[in-house]
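Residue-level listing of the chains:
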Amino acid sequence: MTVRRWVVWGLVAAVPLAFLGLFFALPTGTLIARGFSTDGALDLSGFGEVFGRPRTWRIVGLTFLQAGLGTALAVGFGIPGAYVLYRRRFRGQWLARALVTVPFVLPTVVVGVAFRSLLAAGGPLGGLHLDGTLVAIVAALVFFNYSVVVRTVGGFWAHLDPRAEQAARVLGAPPWRAFVSVTLPALAPAVTAAASIVFLFCATAFGVVLILGGLRFGTIETEIWIQTTQFLNLRAASVLSVVQLAVVAVVLGVSGAARRRRERALHLTAVEGARERLGRGDWLPAAVTGVFVLVLLMLPMLSLVVRSLQTADGWGLQNYANLATTGGRGVLNATVWAALGNSVRTAVLATVIALVVGVLVALVVSRHPRSRSGRRAIETLDAVFMLPLGVSAVTVGFGFLIALHRPLGLNLDLRTWSGLVPVAQAVVAAPLVVRTLLPVLRAIDPRLRQAAAVLGAGPWRVFAAVDLAMVRRALGLAIGFAFAVSLGEFGATSFLARPDRPTLPIVIYRLIGRPGAENLGMALAASVVLAALTAGVMMLAERWRPASAMGEL
Amino acid sequence: MTTTARGLEVRDLVVEYEADGISLPAVDGVSFQVAPGEVLALLGPSGCGKSTLLRAIAGLEHLVRGIVSWDGSDLAAVPVHRRGFGLMFQDGQLFPHRDVAGNVAFGLQMTGVPVADRKPRVAELLEMVGLAGFGSRQVATLSGGERQRVALARSLAPTPRLLLLDEPLSALDRALREQLAEDLARVLRETHTTAVFVTHDQDEAFTVADRIGVMMSGKLVQVGTATELRAEGIDRAVRAFLGD
């Protein structure tokens, strides 16, 4: 590696580093500092005060309880799902795979509203009195994260060499025995990786919990929001943010270790093996998956669509027509369509930013420098760039709020800057872009680059002909993820959106929190619109996905 | 440092690899020459350092000591992509995002051959390796043997002054290997290509090469034509490995 290449790659790394330094490290750093100090002096009394309240312990306990239950159920249902959808084949499988994928990218407020529409009094399952219970919250968390397990484990399973299991069968093991003693241990790294990422998503869940939890249930996330916006207790919010950061750091550590093990796993075949037809012997996983998809995944969405068509006088499109208004008794500052416009504009900007940052990060982190110091630098950068993936959107939003007033002592107030919301959404979306592109780049055999070099391509032409070409193939999916995430982003945006320019998720949350059948109807209709838009974007992105890419999400 | 030799000269070459923090020699003081138009096979068991030696000639390995030169000029300061050598890998390493013609044309593109001249050259090469009309096929749809044929065409397209072949046939089954070894020998002769061919298969080496160098534990223990090697008898340790 020549000095010139070091300089060039240093500059490439500097762009995302500067971005994350200003919009991630600075806000979270300010948050932590505020939790530990008063007027510049070390002061831990904030911790004593916050942890002296039984309420805090209840919230922390609930966070772990919900995340634990959500993870266990998502993994429990996800493994049979991965088997049916990725290890077997059947007619219409692509549709089933797409159906399972959609919930993950659905905006949290939409899912919250969908479950409310199903479980609240007057809904199809209203008789079960599950609205505002732990069951409802956990069901919604499983709804979201099922696809994470299915896709992570399924993608791995599809590439697992089936001959190890066949060897066990030939040696006399019945199917379940071969599964438990051979296949399951081989899947362990993928299951661990999926479980830790799902635990992270559950523990940092915000929108669904806020909508479904009512006053009785919450997580550290919702508590930060409540302390900030309802009680104006920034100190308590800062302390809770520090707690949240600690939880996230631990889970990320576990997940990182699992990921490294998975990347090291050697039982994988380069291509997907031929899959057997779904047969009679598969009745148990097939039945579990079928029931799960129908009841837990389809029912809430169907209920949402059906109830959005229900009006005061029978069926009709009145709720959709009302989207051009500002709601019953004018609860909104803008019409829902105007909010949709804001959302799309913001999401486009956020996607562009997330893409620039994410592509640069992925390219830098996928280098294989020869020197040991170079490799260590890459490992450090990898860890640094992944932090925002775990840190909750609420922490980002809250951090912006307190840090960007006179940032670094400069006399300017970034809190009123119109680019703030897109930037916050980009901070949330960029790690997803990296995680989509990185496996594709890391899977490039270094000899492919050498082949190009031997054929006369200089370092930069090798880079263009191999690395950039590969990135381009996975770019569609990355764009889809970034756009969908930005479109539905609620945690950070709820702190930062200006009252006169709300985004669609903000408007939906406001509508569902107000009384009146008209407002509820509008919330349902707006949720359908947002869900359709997000799902449409993801379907388009999926088509652009290369067959060989083994993404992580 | 210069010499007067024509073609490839490797002198006192040492390449090390690292295992558990200790540096061990993979190639240990190897010297040989390959004249223009000649095909040299490097024969030896796996792990004897023959592939590392090949990669060192291509410029892909760091040299601890020694010289690789072409027509008397040292290549130490010449980066991989300016050496004008070709390298064919065991598993082809075709570019998955380009079709067959796009793969074969890659080297031509890099050396600045005009678009109009690339097409006939690509067709000519595909014909030579027995894949006429395969230009628009996706590489994912090719069989193992077809892939290696495309890899050979791709390596030969920019008319490299030296072609390095790293066990190009080892991943194929026996019948195909014998067939391809003969095709390879024919193509190298027809194109008067200077080549170094790494293999662990004695028959393959005898079929393809003019001279054979036998490698053991990082050292070149014998060099000679097939007849010479048969006459003087192959080194005992090598014979044990080759199963004679």
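Above this text you will find the structure in question.
Source: prediction; values computed, not measured.

Draft legend 1. Just the overall build of chain B, in detail. A tally of helices and strands in chain B yields 8 helices and 10 strands. Along the three orthogonal principal directions, the C-alpha set of chain B runs to about 50 × 40 × 40 Å. In chain B, buried positions account for 44% of the 244 residues. Look at the contacts in chain B between residues 6 or more apart in sequence, and 68% of them connect residues 24 or more apart.

Draft legend 2. Representation of the overall build of chain A in the model. For chain A, the count of helices and strands is 22 helices and 6 strands. Relative to a compact globule of 553 residues, whose C-alpha radius of gyration would be 24 Å, chain A shows 24 Å and is just as compact. Referenced to the eigenvectors of the C-alpha coordinate spread, the extents of chain A come out at roughly 70 × 65 × 45 Å. Split into buried and exposed, the 553 residues of chain A put 49% on the buried side.

Draft legend 3. Representation of the pairing of strand S3 (residues 39–43) of chain B in the model. Residues and elements named next belong to chain B. Of all the 5 residues making up S3, 5 are buried; the element is thus mostly covered by neighbouring parts of the structure. Every second residue of S3 is oriented toward a common face, with Val39, Ala41 and Leu43 on one face and Leu40 and Leu42 on the other, all of them buried. Pairing geometry for S3 and strand S8 (residues 195–199), over 5 bridges, is parallel. The partner of Val39 across the bridge, within S8, is Ala195. As paired strands, S3 and strand S9 (residues 211–216) are joined by 4 bridges and run parallel to one another. Looking at the pairing, Leu42 lines up with Gly213 of S9.

Draft legend 4. Geometry of the nonpolar core. Ranked by internal contacts, the top residues of the largest apolar core, which has 248 residues, are A:Ala140, A:Val153, A:Ala194, A:Val433, A:Ala482, A:Ile508 and A:Ala526. In contact with A:Ile508, not counting residues within four places along its chain, are A:Val109, A:Val113, A:Ala523, A:Ala526, A:Ser527 and A:Leu530.

Draft legend 5. Representation of helix H16 (residues 393–403) of chain A in the model. Within H16(A), 10 of the 11 residues are buried, leaving the element largely enclosed by the surrounding structure. Three or more residues of H16(A) are buried, namely A:Ala393, A:Val394, A:Thr395, A:Val396, A:Gly397, A:Phe398, A:Gly399, A:Phe400, A:Leu401 and A:Ala403.

Draft legend 6. Main features of the interface of chain A and chain B. In this complex, chain A contributes 16 residues to the contact, which on the side of chain B involves 17 residues. Put simply, the parts of the chain that give the side of chain A that touches chain B at least two residues each are helix H18 (446–454) and helix H19 (459–488) of chain A. It is H18(A) that contributes the most residues to the side of chain A that touches chain B, 7 residues altogether. By residue class, the composition of the side of chain A that touches chain B is 8 nonpolar, 4 polar and 4 charged.

Draft legend 7. Representation of the environment of A:Thr416 in the model. The residue A:Thr416 is located in the loop between H16 and helix H17 (420–442) in this model. In the structure, A:Thr416 is positioned 15 residues away from A:Leu401 in sequence and 9.9 Å away in space, judged by C-alpha atoms.

Draft legend 8. Here's a closer look at the sheet that holds strand S10 (residues 219–225) of chain B. All names here are of chain B. Taken in spatial order, the 6 strands make up an open sheet running S6-S7-S8-S3-S9-S10, and their pairing is mixed. Both outer strands of the open sheet, strand S6 (85–88) and S10, are each paired with one neighbouring strand and no more. If you compare each strand with its neighbour and ignore which way they point, the axes differ by 15° on average.

Draft legend 9. Structural view of the packing of helix H5 (residues 108–119) of chain A against helix H22 (residues 517–543) of chain A. Residue and element names in this part refer to chain A. Interhelical geometry of H5 versus H22 gives an angle of 130° and a closest axis separation of 9 Å. Comparing the axis directions of H5 and H22 gives the class oblique. The handedness of the crossing between H5 and H22 is left-handed. Across from Val110, Val113, Ala114 and Ser117 in H5, the residues of H22 making contact are Ala523, Leu524, Ser527, Leu530 and Ala531.

Draft legend 10. How the structure looks around the environment of A:Tyr86. Residues and elements named next belong to chain A. Locating Tyr86 in the fold gives a position in helix H3 (residues 54–87). With 22 C-beta atoms counted inside 10 Å, the residue Tyr86 sits in the buried group. For Tyr86, the residues in contact, after removing those within four places along its chain, are Gly154, Gly155, Trp157 and Ala158.

Draft legend 11. Up close: the sheet that holds strand S4 (residues 65–70) of chain B. All names here are of chain B. The strand order across the open sheet formed by 4 strands is S2-S1-S4-S5, and the pairing between neighbours is antiparallel. At either end of the open sheet lies a strand with only one pairing partner, and these are strand S2 (22–34) and strand S5 (73–74). Where S4 meets S5, 2 bridges bridge the pair, whose relative direction is antiparallel. By the bridge assignment, Ser69 is partnered in S5 with Asp74.

Draft legend 12. Representation of the pairing of strand S7 (residues 162–166) of chain B within the structure. Residues and elements named next belong to chain B. For S7, the buried fraction is high: 5 of the 5 residues fall into the buried class. Residues Leu162, Leu164 and Asp166 point to one face of S7 and Leu163 and Leu165 to the other, with burial holding for every one of them. Relative to S7, S6 runs parallel, the two being bridged by 4 bridges. Opposite Gly86, over in S7, you have Leu163 as the bridge partner. Two strands pair when backbone bridges link them, and S7 and S8 are joined in this way by 4 bridges, in the parallel orientation. Its bridge partner lying in S8, Asp166 is registered against Val198. The β-α-β motif built from S7, the intervening helix H5 (residues 174–190) and the parallel element S8 has right-handed crossover chirality.

Cut-off values and rules
- The numbers attached to residues start from 1 for each chain and follow its sequence in the written order.
- Chains and ligands are labelled by the order in which they are written, letters from A for the one and numbers from 1 for the other.
- Under the rules for a predicted model, residues below a pLDDT of 70 receive no local features and side-chain atom pairs below 80 are neither given nor counted, while totals for whole chains, interfaces and linings still include all residues.
- Here a helix means four or more residues in a row that DSSP labels H or I, a strand means two or more in a row labelled E, and each is numbered from the N terminus.
- With C-beta atoms placed from the backbone, a residue is buried if 20 or more other C-beta atoms are within 10 Å of its own, exposed if 12 or fewer are, and partly exposed between those counts.
- Placing a C-beta atom from the backbone of each residue, one calls two residues in contact when those atoms lie within 7 Å.
- Radius of gyration here is computed from C-alpha atoms only, and the compact-globule reference equals 2.2 Å multiplied by the residue count raised to the power 0.38.
- By definition, two strands form a pair when at least two bridges between them are found by DSSP.
- Joined through C-beta atoms within 7 Å, a set of buried Ala, Val, Leu, Ile, Met, Phe, Trp, Tyr and Cys residues constitutes a nonpolar core.
- Side-chain classes follow a simple rule in which Ala, Val, Leu, Ile, Met, Phe, Trp, Tyr, Cys and Pro form the nonpolar group, Asp, Glu, Lys and Arg form the charged group, and the remainder, Gly included, forms the polar group.
- Every axis in this analysis is a line fitted to C-alpha atoms, fitted for helices over the stretch in contact. Angles between the N-to-C directions lie between 0 and 180 degrees.
- Here is the rule for angles: anything less than 35 degrees is roughly parallel, anything more than 145 is roughly antiparallel, 65 through 115 is roughly perpendicular, and the remaining ranges are oblique.
- Helix crossings fall into two classes, left-handed where the near helix is turned counterclockwise from the far one by less than a right angle and right-handed where it is turned clockwise.
- Consider the strands pointing away from the viewer: the crossover is right-handed when the path from the first strand over the helix to the second runs clockwise.

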